[in-house]
Amino acid sequence: MTINEIQDELIEEFELFDDWEGKYEYIIDLGKKLPKLADEYKTEENIIKGCQSIVWLHAYMNGEKLIFEADSEAIIVKGLVSMLLKVLSGHTPEEITQADLYFIDKVGLSSHLAQTRSNGLASMVKQMKAYAVAYQAIEQK
């Protein structure tokens, strides 16, 4: 699936809920399903700066695809990062750098998250795109 197809699928999933209480529960459920990040990747250099909660992000190439793994101590943040992983992980660095992550606005995260969480979400996106840019540069050498 393309990044946009995955985003559209996420938007459809969120449309199943009538209110934000249900949507928050869904985000928390996504967080609970996020596979644990190996302790070896829970390092200072893998912490995303700009997040109120600690978020570790590990990235590596698998063939031509950039794979992301992440974890957080905060369950709602785990859910948010889980959505980003679902959308961006497993695509080429070029696809990731060019992606317009419209699902964040379409499902209402921008307007329903606390400012600190919104800033943290933006920091996660920024870091994932930075990894994609870095891997893209390596590939072009």
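All values reported here derive from a predicted model rather than from experimental measurement.

Scoring rules and cut-offs
- Residues numbered from 1 in each chain as written.
- Predicted model: local features only at pLDDT ≥ 70, side-chain atom pairs only at ≥ 80, totals over all residues.
- Heavy atoms only, no water.
- Pairing = 2+ DSSP bridges.
- Helix = DSSP H or I, 4+ residues; strand = E, 2+ residues; numbered from the N terminus.
- Buried < 20%, exposed > 50% of the residue type's maximum accessible area, 1.4 Å probe, protein only.
- Contact = heavy atoms within 4.5 Å.
- Salt bridge = Lys/Arg side-chain N within 4 Å of Asp/Glu carboxyl O.
- 1 Å grid on protein atoms, 1.4 Å probe; cavity = no way out; pocket = protein on both sides within 12 Å on 5 of 7 lines; lining within 4 Å.
- Points joined across faces, edges and corners; volume = space filled by probe spheres on them.

J.: Can you walk me through the pairing of strand β1 (residues 55–62) in this structure?
T.: Side-chain positions along a regular strand alternate between the two faces of the sheet. Bridge analysis of β1 against strand β2 (residues 65–72) gives eight bridges, and the strand direction is antiparallel. Of the residues in β2, the one forming a bridge with histidine 58 is glutamate 69. Between the antiparallel neighbours β1 and β2 lie two residues, among them glycine 63 with a positive phi of about 70°.

J.: Teacher, can you tell me more about the side chain of serine 53 here?
T.: Counting through the fold element by element, serine 53 comes out in the loop between α2 (20–33) and β1. Taking the relative accessible area as the measure of exposure, serine 53 reaches 17% and is therefore buried. Contact partners of serine 53, with chain neighbours within four places excluded, come to Ser72, Ala74, Val77 and Arg117.

J.: Just to check I follow, could you spell out the pattern of salt bridges for this structure?
T.: Between side chains of opposite charge, a pair can form as their charged atoms come close. Inspection of every chain in the model, using the stated rule, returns five salt bridges. The salt bridge partner of glutamate 9 is lysine 86, with a shortest N-O separation of 3.8 Å. Taken together, the residues glutamate 9 in helix α1 (residues 3–15) and lysine 86 in helix α3 (residues 75–88) connect sequence positions 77 residues apart. The partly exposed category is assigned to glutamate 9, whose relative accessible area is 30%. In this structure lysine 86 comes out as partly exposed when scored by relative accessible area, which is 33%. The partner of aspartate 71 in a salt bridge is lysine 78, and the shortest N-O contact between them spans 3.3 Å. For the pair aspartate 71 and lysine 78, a shared accessibility class is recorded, and that class is buried.

J.: Looking at this structure, I do not really get empty space enclosed by the protein. What am I missing?
T.: Where empty space is left in the structure can be found by rolling a water-sized probe over the atoms. This structure, assessed with the given rule, holds one cavity of 30 Å³ or more. Volume-wise, the largest cavity comes out at about 50 Å³. Forming the boundary of the largest cavity are Cys51, Gln52, Ser53, Val77, Leu80, Thr116, Arg117, Gly120, Leu121 and Met124. Secondary structure elements with two or more residues in the lining of the largest cavity: α3 and α7 (115–139). Top contributing element to the lining of the largest cavity by residue count: α7, with five residues.

Bear in mind that shape data such as this cannot, by itself, settle questions of function.
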